[in-house]
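Report on the structure
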Amino acid sequence: MRQLGSWLARAGVGFVRACVVAVISMLVPAMWAAAVALGIWWGAGNPWSWVAPVVLVCGCTLALSRPVCRMVRFLVARWTATVIPAGYRQAGPVTRMSTGYWWNGFSYERTRRDALLDQKWRVRWSDPANWRDLRFTAIAPLTAGVVASLPPAGVAVAVLGLGQPGPAARVVGALGLIVAVASAPYAWRCVEPVAVRFLRPTPAMALADRVDELTAQRADATVAQAAEIRRIERDLHDGAQARLVGLGLSLATAEKLMETDPDQARTLMREARAGATASLTELRELVQGINPPVLSDRGLIDAVRALALDSPLEAAVSADLQLSLDPPIESALYFAIAELLTNAVKHAHATQARISITQDDTGIVIDVEDNGRGGAVLRADGGLAGLRRRLAVFDGALEITSPEGGPTRVRMMVPCESL
């Protein structure tokens, strides 16, 4: 009885999904049929009566191809957890030149609105993904659409057959019902292989996207390196360098006062010693900010535990594994965790945090969760976006879950062959 109930539940869910796939797949062919019917109604023998239907077919096909493909990708990801990359070209930034004109990557326009509109259509028409979408809208009705139409067609035959008198009609209706129930759990599944085969980006498109991604990562790495160099230079100039200059002046003055005012000379010597100690402390902090010694000596997990002890949060670290990571990856993950803890204190006003370091079949997974007020968003110019870009250099990913009121959970995933 339980197996029968499970089968009926699967058949019901499958029937609904098959109807959805059939409707989406047959949307463009239905529009073609409507255009043909319109041309026949206006007069099949008059050639001019087919002008409007042809224009309608072309315009609606172009307008519906991308929304249909996006809906198919969404349904496949939701039902089967198979993510199909879109592979659409992304528009670049629009920049205002010193002449007052706006450059959109293709032409100069007088206003930003005109530049964005011109860029949108140029990118849309030059995108090879348009031809891929048009190909899918022509193939899907003949493959996934036909198979997904079996359950609703079987139900329609059953209703018509069982509603007619005579044993032959009842037999046809019973067969239609059997076909509908038997095919419902499986008919919608054909949309996944068809979508994967015809909607995924071609190798050339994937290679072009990868080149663009690597170019952006190189630019981000260059900017981050330049910013880090400026920070080190500023810290040295404003901190240790200024103290060392003052130390030199104090020693020179003490040397002159050694014979005339020994007490003042000794006071200056004590101040110089205190300045030297402070300079040494600042240099140690600066070096620790560049590469913490505990990270080099004891690895990522012990360095994160030391970071948790120094944090004002009540932080707990769980890691039941031994890691052997490359130094650049260790450094990136360490400073990413440090930034997340700082954000939890500064912005979320959290009091507790939990850091979990695990590994799966592909790499390392780090979860940082706090009990703050939540509401963290990923802005293009924010720190979380910069953190995502730094992880992307190692093909890493960052996921944020931060509802209003908390808690905030950030997951970092970095593939590592050294594991």
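Computed from a predicted model, the values in this text were never measured in an experiment.

1. Observations regarding the overall build of the chain
In terms of regular secondary structure, the chain is built from 15 helices and eight strands. When contacts within the chain are restricted to residue pairs at least 6 apart in sequence, long-range pairs at least 24 apart make up 64% of them. With the model as given, the accessible surface of the chain reaches about 25400 Å², and the carbon-plus-sulfur share is 62%.

2. Some points on the pairing of strand E7 (residues 397-401)
Pairing between E7 and strand E8 (residues 408-415): five bridges, direction antiparallel. Residue Thr 401 lies in a different strand from E8, and its bridge partner there is Arg 409. Linkage of E7 to E8, two consecutive antiparallel strands, is achieved through a turn of six residues, within which Gly 405 is found at a positive phi near 95°.

3. Structural notes on the UniProt feature "transmembrane region" (unreviewed entry) in the chain
Following the UniProt record, one finds the feature "transmembrane region" (unreviewed entry) at residues 12-42, 48-65, 139-162 and 168-188. Secondary structure within residues 168-188 divides into 95% helix and 0% strand; the distance between the first and last C-alpha atoms comes to 30 Å.

4. Some details on the sheet that holds strand E1 (residues 95-96)
Spatially, E1-E2-E3 is the arrangement adopted by the three strands of the open sheet, whose pairing is antiparallel. Each having just a single partner strand, E1 and strand E3 (108-109) make up the two edges of the open sheet. Bridging between E1 and strand E2 (residues 102-103) involves two bridges; their strand directions are antiparallel. Looking at the pairing, Thr 95 lines up with Trp 103 of E2.

5. Quick word on the pairing of strand E6 (residues 363-370)
Counting buried residues in E6 gives seven out of eight residues, a clear majority hidden from the surface. Two elements, strand E5 (residues 352-359) and E6, share seven bridges in a ladder whose sense is antiparallel. By the bridge assignment for E6, Thr 358 is matched with Val 365. Following E5, the chain reverses through three residues before pairing antiparallel with E6.

6. Examining the pattern of salt bridges
This model, assessed by the stated rule, comprises seven salt bridges. As a salt-bridge pair, Asp 118 and Arg 122 come within 2.8 Å of each other at their nearest N and O atoms. Taken together, the residues span about one helical turn, with Asp 118 and Arg 122 both in helix H4 (residues 112-126) at a distance of four residues. The class for Arg 122 is partly exposed, based on a relative accessible area of 37%. Note that Asp 367 and Arg 411 form a salt bridge whose closest N and O atoms lie 2.8 Å from each other. A residue pair is termed long-range when its members are at least 10 positions apart, and Asp 367 in strand E6 and Arg 411 in strand E8 qualify at 44 residues.

7. Here's the deal with the confidence of the model for the chain
Per-residue pLDDT for the chain has a mean of 76; in total, 79% of the residues score no lower than 70. Here helix H10 (residues 203-257) stands out as the least confident element of the chain, with mean pLDDT 65; helix H9 (residues 191-199) is the most confident, with 86.

8. Considering the packing of aromatic side chains
Inspection of every chain in the model, using the stated rule, returns three aromatic pairs. Relative to Trp 188, the ring of Trp 79 has its centre 5.4 Å away and its plane inclined at 80°; by these criteria the two rings are edge-to-face. Of this pair, Trp 79 sits in helix H3 (residues 51-80) while Trp 188 is found in the loop between helix H8 (167-187) and H9, placing the two residues 109 residues apart along the sequence. This pair shows no difference in class: Trp 79 is buried, exactly as Trp 188 is. The aromatic ring of Trp 188 is capped on one face by Arg 17, whose charged end is 4.8 Å from the ring centroid. Seen from the ring of Trp 121, Lys 120 lies directly overhead, with NZ or CZ sitting 5.7 Å from the centre.

9. Regarding the environment of Ile 301
Mapped onto the elements of the fold, Ile 301 is located in helix H13 (residues 300-310). Classification of Ile 301 as buried rests on a relative accessible area of 9%. Along the chain, Ile 301 and Val 317 lie 16 residues apart, while their C-alpha atoms are 8.5 Å from each other.

10. Remarks on a nonpolar patch on the surface
Residues Leu 62, Leu 117, Trp 121 and Trp 125 make up a contiguous nonpolar surface patch of about 430 Å² in total accessible area. For Leu 117, the location among the structural elements is in helix H4.

11. A few points about the sheet that holds E8
Each strand in a sheet pairs with another by means of backbone hydrogen bonds, the pair being arranged parallel or else antiparallel. Across the sheet, which stays open at both edges, the five strands sit in the order E4-E5-E6-E8-E7 with mixed pairing between neighbours. Looking at the sheet topology across the chains shown, the edges are occupied by strand E4 (314-318) and E7. Direction aside, the axes of adjacent strands within the sheet are offset by 10° on average. Here eight bridges tie E6 to E8, and the two strands are oriented antiparallel to one another. The partner of Asp 370 across the bridge, within E8, is Thr 408. In the packing of H13 onto the sheet, contacts are made with E4, E5 and E6, and the angle to E4 comes to roughly 165°.

12. Looking at the environment of Val 23
Within the secondary structure layout, Val 23 lies in helix H1 (residues 2-25). Look at Val 23 and you get exposed, because its relative accessible area is 56%. Separated by 126 residues in sequence, Val 23 and Ser 149 place their C-alpha atoms 8.6 Å apart.

About the criteria used
- Residues numbered from 1 in each chain as written.
- Predicted model: local features only at pLDDT ≥ 70, side-chain atom pairs only at ≥ 80, totals over all residues.
- Heavy atoms only, no water.
- Helix = DSSP H or I, 4+ residues; strand = E, 2+ residues; numbered from the N terminus.
- Contact = heavy atoms within 4.5 Å.
- Areas by Shrake-Rupley, 256 points an atom, 1.4 Å probe, with all protein chains shown as cover.
- Pairing = 2+ DSSP bridges.
- UniProt positions renumbered as here; feature names shortened; annotations may be inferred.
- Buried < 20%, exposed > 50% of the residue type's maximum accessible area, 1.4 Å probe, protein only.
- Salt bridge = Lys/Arg side-chain N within 4 Å of Asp/Glu carboxyl O.
- pLDDT = per-residue confidence, 0-100.
- Phe/Tyr/Trp six-rings, centres within 6.5 Å; stacked < 30°, edge-to-face > 60°.
- Lys NZ or Arg CZ within 6 Å of the ring centre and 35° of its normal.
- Patch = residues over 30% accessible without salt bridge, like charges linked within 9 Å, V, L, I, M, F, W, Y side chains within 5 Å.
- Axes fitted to C-alpha atoms, helices over the stretch in contact; angles between N-to-C directions.

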